[in-house]
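A closer look at the structure
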Amino acid sequence: MTHFSDDDIIARWKEKPAPLLPMLHDFHDRDGYLSEGALRAVAQGLRIPIADLFGTVSFYHHFSREPGGLEAPRVCTGPICKMNGADELLGALDGATAMPCSGRCDEPIPVLRGHDTLIGLSAESLESRPSPLPPAARDSIEECVFAHIRESDRASLGGYRNTGGYEGLVKALAMAPVELVQLVSDSGLAGRGGAGFPTGRKWKAVADAEGDPKTIVCNADEGEPGCFKDRCLMDYDPHAVVEGMILAAYATGATRGFIYLRYEYPETEQVLAQALDEARRAGLLGSGILGSDFSFELYVRRGAGAYICGEETSLLNSLEGKHPFPRNRPPYPVTHGFEDLPTVVNNVETLVSVPPILRHGADWYRALGRGEQAGTKLISLSGDVARPGNYEVPLGFPLMKLIDDWAGGTGEGRTIRAVTMAGLSGGFLAGEDLEVTLDEPSIRSKGSFLGAGGIMVFDDTRDMVEVSHQAMEFFADESCGKCFPCRIGTQRLMERLAGKAGPKELQPWIDEVVDLGKTMMETSACGLGMAAPLITKSLLKYFPERVSDHVTR
Ligand SMILES: Cc1cc2nc3c(=O)[nH]c(=O)nc-3n(C[C@H](O)[C@H](O)[C@H](O)COP(=O)(O)O)c2cc1C
Ligand code: SF4
């Protein structure tokens, strides 16, 4: 990158789709930060008002405006890394700054430096190493998305094809698009990114919508603390992501696609670039795919560090080079998505589930779940368990069986104080409510939700007021500020959990926290502000004595 001039960089991206982020990354990589000169060149090149560009760039965590910023270490201070000593590591590394959970909670503390992720518990032990493969499946339970992921060479095109890869695409090309949509609907597959919207219905809405070109977006932003499943899928099974996206495009009539990858996965970007290159050369991307008259082009766009960009409309604004505020809905992305045209936004895991559904059939997929539940779910399990990692379980699987039998339980002589659900967004479950099964109806009946499937375990040495404070600090930092119930509410709740503000008597403190949470849930404009109060709600439900202690002392 060092040899590119400003004009080279502008010319390289100007006519490409979604040019702002890659252009900014090129300048950032070349200079090690974003200089004022670089921003002026970008503003001029893309005809963006310079004031808007400054505002947008400063919204992202990882675009440094200081010389040397790219090379300065950034230490993950997510909830699990805090338990592992992230604050000490932060103090021990020269010029280090904190970053929110960077999606490697099954390992020691990650540190980003330049384009590398280093892992370790101390400054001396930091090393670069691949992310772990998922632990082996247990109890003869059949997997869907992890079924072949542990096979060697699966990440290459040859390895993927040897284990059934792209067979689904060949099958699909012999079907009408409408039949493919019906198959996905029949399988019962629902979104695995958090909201659980039925995938077949989403695809049908895009297929039926007026407007061209249509777009497929793979949401690989994975910013939820405690979630690291999509990283595993992309690192070890990148062609499954590509095949899932091609299938979504064929079903809906889309001709272009983007993988929106979170900044904190630099190694994954290389893996995806290689897979796209291989797929293109093999005629699986581009025009006339596998000799058919169907064409689809795919691009990777790297985010720059902002949790809210995982919210689909914020993501679309980010791709379009706008300030990444969530959009007001309706209209929804299925009719007014990327560049106001029909767009599918699907999570990585959702898309990766589709090729096996094609190969084995809708009934097979449905039957993988238990009872009324269709299919499987990846769970990212971390914290106080013997074997943290990504586990694929049938939907409807008992939570405690996963924690105790599969993941080896908590430490010797310890018990579980609480677990989080949906990363942090679902708040806590504790006590008898740990007897849930891993599916939305069961978890929602306890006032929480499964979401993207991140579960952090806290044993009986952990202080849940402190964990709640850290969680609310995360939401307050990541609130985009567009609507005031969330912007102000997350701050007020964070201050109360820090013991810095609020009534000094228990009942008025509780009344105020409940009132703040209720207002946020009812009036916030997007899921961040609606979910954040589940932290305080569940803290009050399960740990009233600890709250009393916190307030009165
Ligand atoms: C604050 C917030 C953050 C989100 N982050 C992600 C994310 O990182 N990845 C993701 O797939 N979905 C995320 N979502 C959900 C998306 O908005 C969207 O529902 C999802 O990408 C749709 O794909 P699916 O139907 O396959 O789940 C987030 C939602 C909210 C409100
Ligand atoms: S709820 Fe929070 S994150 Fe969502 S739009 Fe409002 S301020 Fe932004």
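Relevant structure appears above.
Residues numbered from 1 in each chain as written. Chains lettered and ligands numbered in written order. Predicted model: local features only at pLDDT ≥ 70, side-chain atom pairs only at ≥ 80, totals over all residues. Heavy atoms only, no water.

Turning next to the overall build of the protein chain. What the protein chain contains, in helices and strands, is 24 helices and 15 strands. Against the globule reference of 24 Å for 553 residues, the protein chain gives a C-alpha radius of gyration of 23 Å, in line with a compact fold. Seen through its principal axes, the protein chain has C-alpha atoms that stretch 70 × 60 × 50 Å. In the protein chain, of all internal contacts separated by at least 6 residues, the share reaching a separation of at least 24 is 68%. Carbon and sulfur atoms make up 50% of the accessible area of the protein chain, which amounts to about 21200 Å² in all. Computed over 55 positive and 77 negative side-chain charges, the inter-centroid distance for the protein chain is 2 Å. (Helix = DSSP H or I, 4+ residues; strand = E, 2+ residues; numbered from the N terminus. Rg over C-alpha atoms; globule rule 2.2 N^0.38 Å. Contact = heavy atoms within 4.5 Å. Areas by Shrake-Rupley, 256 points an atom, 1.4 Å probe, with all protein chains shown as cover. Lys, Arg positive; Asp, Glu negative; His and termini not counted. Charge placed at Lys NZ, Arg CZ, Asp CG, Glu CD.)

Moving on, we come to the packing of aromatic side chains. Under the criterion given, the structure shown has 13 aromatic pairs. With 6.5 Å between their ring centres and 50° between their planes, Trp364 and Tyr365 make a pair best called tilted. By relative accessible area, which is 18% here, Trp364 ends up buried. Judged by relative accessible area, Tyr365 falls into the buried class, the value being 0%. Ring centres of Phe397 and Trp406 lie 4.8 Å apart, and the angle between their planes is 50°; on these two criteria the pair is classed as tilted. (Phe/Tyr/Trp six-rings, centres within 6.5 Å; stacked < 30°, edge-to-face > 60°. Buried < 20%, exposed > 50% of the residue type's maximum accessible area, 1.4 Å probe, protein only.)

The next point concerns the site of ligand 2. Of all residues adjacent to ligand 2, which total 13 residues, the nearest are Cys480, Lys482, Cys483, Cys486 and Cys526. Here the residues of the shell around ligand 2 sort into 8 nonpolar, 4 polar and 1 charged. (Near = heavy atom within 4 Å. Nonpolar A, V, L, I, M, F, W, Y, C, P; charged D, E, K, R; others polar.)

Leu381, Leu399, Leu402, Ile403, Val419, Leu438 and Phe475 are the most contacted members of the largest nonpolar core, which totals 66 residues. The element contributing the most residues to this core is helix 19 (residues 464-478), with 8 residues. Ignoring any residue separated from it by four or fewer positions in sequence, one finds Ile403 in contact with Leu381, Val385, Gly408, Gly409, Ile416, Val419 and Val457. Core analysis: the next-biggest nonpolar cluster, separate from the first, contains 60 residues, Val181, Ala220, Tyr250 and Phe296 among them. (Core = buried A, V, L, I, M, F, W, Y, C linked by side-chain atoms within 4.5 Å.)

Attention now moves to the pairing of strand 7 (residues 297-302). By the bridge criterion, 6 bridges tie strand 6 (residues 256-261) to strand 7 in an arrangement that is parallel. Across the sheet, residue Tyr260 finds its bridge partner in strand 7, namely Arg301. This β-α-β element, strand 6 to helix 13 (residues 266-281) to strand 7, shows right-handed connectivity. (Pairing = 2+ DSSP bridges. Right-handed = clockwise from strand over helix to strand, strands pointing away.)

Two modes of strand pairing occur in sheets, parallel and antiparallel, and in both the strands are linked by backbone hydrogen bonds. The strand order across the open sheet built from 4 strands is 2-1-3-4, with neighbouring strands paired in mixed fashion. Both edges of this open sheet fall to strand 2 (97-99) and strand 4 (116-120), since each of them pairs with a single strand only. Mean inter-strand twist for the sheet, computed between neighbouring axes without regard to direction, equals 30°. Pairing analysis gives 5 bridges linking strand 3 (residues 109-113) to strand 4, with the strands arranged antiparallel. If you follow Ile109 over to strand 4, its bridge partner there is Gly120. (Axes fitted to C-alpha atoms, helices over the stretch in contact; angles between N-to-C directions.)

For helix 9 (residues 177-187), the full list of buried residues reads Leu180, Val181, Leu183, Val184 and Ser187. For helix 9, the arc enclosing every buried residue in end-on projection is 160°, short of the 170-degree limit, so these residues lie on one face. Packing partners of the buried residues in helix 9 comprise helix 8 (167-173), helix 10 (199-208), helix 12 (238-252), helix 15 (348-360) and helix 16 (362-368). After helix 9 finishes, the residue Gly188 shows a positive phi value of roughly 80°. (Arc of directions from axis to C-beta.)

Take the site of ligand 1 next. Looking at ligand 1, there are 20 residues lining it, with Gly193, Lys202, Asn346, Asn347 and Thr350 nearest. Within the side chain of Asn346, one N or O atom sits 2.9 Å away from an oxygen atom of ligand 1. Relative to its unbound accessible surface of 610 Å², ligand 1 loses 89% to contact with the protein. Those elements giving two or more residues to the shell around ligand 1 turn out to be strand 8 (343-347) and helix 22 (527-531). The biggest single contributor to the shell around ligand 1 is strand 8, with 3 residues. Of the residues contributing to the shell around ligand 1, the split by class is 5 nonpolar, 9 polar and 6 charged. (Polar contact = N/O pair within 3.5 Å; in protein donor to acceptor, adjacent residues only side chain to side chain.)

What follows covers the pattern of salt bridges. Per the stated rule, a full pass over the model turns up 40 salt bridges. One salt bridge connects Glu143 with Arg150, and the closest N-O pair in it is separated by 2.9 Å. Through salt bridges that share partners, Arg104, Glu107, Glu127 and Arg129 make up one connected network. (Salt bridge = Lys/Arg side-chain N within 4 Å of Asp/Glu carboxyl O.)

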